[in-house]
Amino acid sequence: MVDSYRHKGMRKKLVESIRRKGITNESILEAINKIPRHIFLDSSFLEFAYDDKPFPIGSGQTISQPYTVAFQTEILDVSKGHKVLEIGSGSGYQACVLEELGAKVFSIERQRKLFHKTKEFIANLGYKIKFFYGDGNKGVPSFAPYDRILITAAAPNISDDLIQQLKPGGKLVVPLGSGDIQTMLRITKTADNKLIEESFGDFRFVPLLKDKADD
Ligand code: SAH
């Protein structure tokens, strides 16, 4: 992996632009400053890796915009040692940000090719994230319950499975909606299993699909 002074410089600028957009959590900004986002993209896109934009990663999927990664992570409110389930592994970038914050990360992806590619790539980087292939709507019951659940694709609804796999006191963040634009929601499960909903504005994500892809 080549991570040159130029890449590091571009990354610093990216972090400053995310900070200007309102992200204040220093641990998240540090994680973005540390992770070489350019190696998560095809090499032909090197020049774009540090723009604050989403980018295609193959199989019709995207790596989320860095600001969106930072924003979702900030409202997820992750602490060291938390068990976090991510729905939609994609490139694995978001999962690495979560591990940098000290979380134990479990991540599920429905595209088989992407799952294999990302699992191998991230292990080679030295991260300990556990990747699963399957329909994220069903969660990963074998490691439940989770302190935090993060959905990184546009969900038309939140499945009962995911709500069940959330610990009492746990939080789930999801871009909710079936159209082009979704509302970012944070659902908190109280100690007596009630759900509290907070809303954080509009975002655009690729859709969360039903079942596994048939590849
Ligand atoms: N978190 C990713 C970006 C996610 S893009 C990153 O950091 O790069 C959304 C991802 O969700 C895509 O990879 C898509 O294939 C996946 N996805 C869509 N529907 C899914 C489902 N039902 N279960 C699991 N993953 C799903």
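Residues numbered from 1 in each chain as written. Predicted model: local features only at pLDDT ≥ 70, side-chain atom pairs only at ≥ 80, totals over all residues. Heavy atoms only, no water.

A.B. asks: Describe the site of the ligand, and please don't skip the residues or the numbers.
C.D. replies: Inspection of the region around the ligand gives 27 residues, with Glu-86, Ser-91, Glu-109, Gly-136 and Leu-209 positioned closest. Gly-88 has a polar backbone atom sitting 3.0 Å from a nitrogen atom of the ligand. Between the ligand and the protein, one listed contact pairs a nitrogen atom with a backbone N or O atom of Arg-110 at 3.4 Å. One can see that the ligand is located within the largest pocket. Sorting the residues of the shell around the ligand by element identifies β2 (61–63), α4 (93–100) and β4 (104–109) as the ones contributing at least two each. (Near = heavy atom within 4 Å. Polar contact = N/O pair within 3.5 Å; in protein donor to acceptor, adjacent residues only side chain to side chain. 1 Å grid on protein atoms, 1.4 Å probe; cavity = no way out; pocket = protein on both sides within 12 Å on 5 of 7 lines; lining within 4 Å. Sits in = over half its atoms within 2 Å of the grid points. Helix = DSSP H or I, 4+ residues; strand = E, 2+ residues; numbered from the N terminus.)

A.B. asks: Just give me the short version of the environment of Lys-21, but keep the residues and values in it.
C.D. replies: Assignment of secondary structure puts Lys-21 in the loop between α1 (5–20) and α2 (26–34). Using a relative accessible area of 43% as the deciding quantity, one classes Lys-21 as partly exposed. Separated by 50 residues in sequence, Lys-21 and Phe-71 place their C-alpha atoms 9.7 Å apart. Residue contacts for Lys-21: discarding those within four places in its chain leaves Asp-52, Gln-65 and Tyr-67. (Buried < 20%, exposed > 50% of the residue type's maximum accessible area, 1.4 Å probe, protein only. Contact = heavy atoms within 4.5 Å.)

A.B. asks: Describe in detail the nonpolar core, supporting the description with residues and values.
C.D. replies: Formed by 45 residues in total, the largest nonpolar core has its most connected members in Ile-18, Ile-32, Tyr-93 and Ile-129. Listed by contribution, the elements that provide at least two residues to this core are α1, α2, β1 (55–58), α3 (66–76), α4 and α5 (112–124). Each residue touching Ile-129, except ones within four places of it in the same chain, is listed here: Ala-95, Cys-96, Glu-99, Val-105, Ser-107 and Ile-122. Counting 18 residues, the second largest nonpolar core, distinct from the first, contains Phe-106, Ala-153, Ala-155 and Ile-187. (Core = buried A, V, L, I, M, F, W, Y, C linked by side-chain atoms within 4.5 Å.)

Coordinates in, geometry out; function isn't part of it.
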